[in-house]
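Here's the letter readout for the chains.
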Amino acid sequence: VAAVWVQIPHTVSIIILSPENVDSGLFNSTAALLVEFYATWCGHCVAFSPTWKSLARDIKACFLNVHIGFPRDVRGLRHYIIDKLEMHNEAWPPACPPLETASEAEIDNFFQTNNVKLLALVFESKDSYVGREVTLDLLQYENIAVRRVLDTETSLVSRFGVTDFPSCYLYNSSRHISRLKVLNEARTFYSYALQRLPGVVRTGKPQIAITDLIKNSTLQEWRSFNKTRVYMSDLESALHYSLRVELSGHISISGNDLTALKKYINVLAKYFPGRPSVKSALKTVDSWLQQQKGTEIKYSDFRDVLDNTVQTSDAVLPEGVQWVGCQGSESHYRGYPCAFWTLFHVLTVQAKEMGIPDPQEVLQAMRGYVSRFFGCRPCATHFESMAQESMDHVTSLSATVLWLWSRHNRVNNRLAGDLSEDPYFPKIQWPSPELCPSCHGLKKTGEHHWNQEEVLTFLRNYFSSAHILMDYLQ
Ligand code: FAD
């Protein structure tokens, strides 16, 4: 029997416990843990494992060490964990928040006794879990606290002018009250909105104001941009970085690497919705590559084709990178990986619009390039494991667009709060309700769900060639 464990740290959602790591993993831990005992030969356990993994993605918060008789769906499990936390009588692990309801006296003295600037109050009925779920969701954030207030707390209800349950109100040290505006009065919408309020940051992340970025003389000149648009400059910069920097690490390219490179360039040549000169450059490199019948090419020959042969007036891939929508608040953030994702979202949408015959073509080209050439090797390993799990099941062009979107969100979920996260561009489940209200819906149970049809429509517009901005091009 092995045990699977969901735990707090942002980077690790699930750890397989084995005889070797069980002692060090479980005992004297500062976190509360939820342990699932399972046997690899047990059909029920195997069938349950996707739910367990979804739970780990759903709550990256606070857990208790329990293991029997719990519900079989993510929502039920989440409520079960909260119930268990509340029943826990021994000393609480330091990371666990108070989940009990707030009284008027506590709220009146809140800013004297707590080192936060903002208090979010979720007004709700006794049997609602929303307030406690939002409290757990905001656990890893600073400058904000969340408390639940029951609808029976009549003086607070009338003082805040509350008419709906649940509803969420913001209260600050100047005693200013405002209602949190959300699309739906539900957990995910509150958490999305609260996590992105000005001044609210993930624990351990510095606060950065855009004006500081602009003033910071150590950075390249900051290019102002629209956060809700795709820029051609990022896409061309990704091509430059991939073809002239990343690939240059390979003196020669042969065998399966060469096959992967040919597919990648072929997909770029066919579907990159760029300027005519860039498309022409990609087509020249593609036809040269397709003519190479041997099992190996030299990178220097590839580079010559890219740099010399193609530097005619009507075929040129600009040199250098100029990030715009993919600028980071510091030079080690964002840039190439951001633009690489964007490039492939654009390509999947372009393939969909062109109605190409093979729904696997673009995804497999991405998979081949990432697994053989992408400089971040852990990224390549993670991406390959997602591809192995489900990429082959994609059988339509719409599913291709949605597969990449949902896998990118998985990566966002895994990396939220990670060291690599740019504090100025926090990783969220994308697109946010502000960016695409119709993408977000509520199930009858009150759970958030993605309206996939709406997401598809949104992605087809957001990444469409007609919608790409041409500012800052060289
Ligand atoms: P990114 O995640 O790079 O997103 C770029 C832009 O795409 C966003 O600004 C947003 O406009 C849009 N976007 C965001 N989410 C979605 C979505 N779901 N669908 C469509 N568009 C979206 N880093 C690691 O540390 N570990 C890894 O394992 C890892 N794996 C990676 C695998 C691949 C294939 C790639 C390309 C990158 C990987 N990275 C990994 C890098 C990481 O995913 C980010 O690219 C990087 O941290 C920069 O993040 P960002 O904030 O610029 O946003």
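Quantities reported herein were computed from a predicted structural model and do not represent experimental measurements.

Rules behind the numbers
Going along each chain's sequence as written, the residues are numbered from 1 onward. Local features in a predicted model are, by the rule used here, given only for residues with pLDDT of at least 70; side-chain atom pairs are given and counted only at 80 or more, and totals for whole chains, interfaces and linings are based on all residues. Water and hydrogen atoms were dropped before computing side-chain values, which therefore reflect all heavy atoms in the structure. Nonpolar cores are built from buried Ala, Val, Leu, Ile, Met, Phe, Trp, Tyr and Cys residues. Side-chain atoms within 4.5 Å join them into one set. Only protein chains enter the accessibility calculation, which uses a 1.4 Å probe; a residue is then buried when its area is under 20% of its type maximum, exposed when over 50%, and partly exposed in between. A helix here means a DSSP run of H or I that spans at least four residues, while a strand means a run of E at least two residues long, and both kinds are numbered starting from the N terminus. What makes two residues a contact is simply this: any of their non-hydrogen atoms within 4.5 Å. In this scheme, strands are said to pair when DSSP sees at least two bridges between them. Note on terminology: disulfide denotes any pair of cysteine sulfur atoms within 2.5 Å.

Participant: Would you mind going over the nonpolar core with me for this structure?
Facilitator: In summary, soluble globular proteins display a tendency toward joint burial of nonpolar side chains. In this structure, Leu 261, Tyr 264 and Phe 302 are the most contacted members of the largest nonpolar core, which totals 77 residues. Here this core takes 11 residues from helix α14 (residues 336-354), the largest share from any one element. Not counting residues up to four positions away in its chain, the partners in contact with Phe 302 are Leu 243, Leu 247, Leu 261, Ile 265, Val 285, Trp 288, Leu 289 and Ile 297. Judged by nonpolar contacts, the second largest core, of 17 residues, contains Ile 144, Val 146, Leu 170 and Val 200.

Participant: I tried to follow the pairing of strand β7 (residues 167-172) on my own but got confused; where do I start?
Facilitator: A regular strand places its side chains so that they alternate between the two faces of the sheet. Of all six residues that make up β7, five are buried, and the element is covered over most of its length. Strand direction decides the pairing type here: strand β4 (residues 118-124) and β7, joined by six bridges, are antiparallel. By the bridge assignment, Phe 123 is partnered in β7 with Ser 167. The sheet contact formed by β7 and strand β8 (residues 177-179) spans three bridges and is antiparallel. If you follow Tyr 169 over to β8, its bridge partner there is Arg 179. Two successive antiparallel strands, β7 and β8, enclose a turn made up of four residues, where Arg 175 displays a positive phi of approximately 65 degrees.

Participant: Please clarify how the state of the cysteines should be interpreted in this entry.
Facilitator: Structurally, a disulfide amounts to a covalent bond that connects the sulfur atoms of two cysteines. Enumeration according to the criterion identifies three disulfides in this entry. Between the sulfur atoms of Cys 326 and its disulfide mate Cys 338 the distance is 2.1 Å. Torsion about the S-S bond of the Cys 326 and Cys 338 cystine: about -70 degrees, corresponding to left-handed handedness. Residue Cys 326 is located in the loop between α13 (299-309) and α14, and its partner Cys 338 is located in helix α14; the two are separated by 12 residues in the primary sequence. By the burial criterion, Cys 326 is buried, and Cys 338 matches it.

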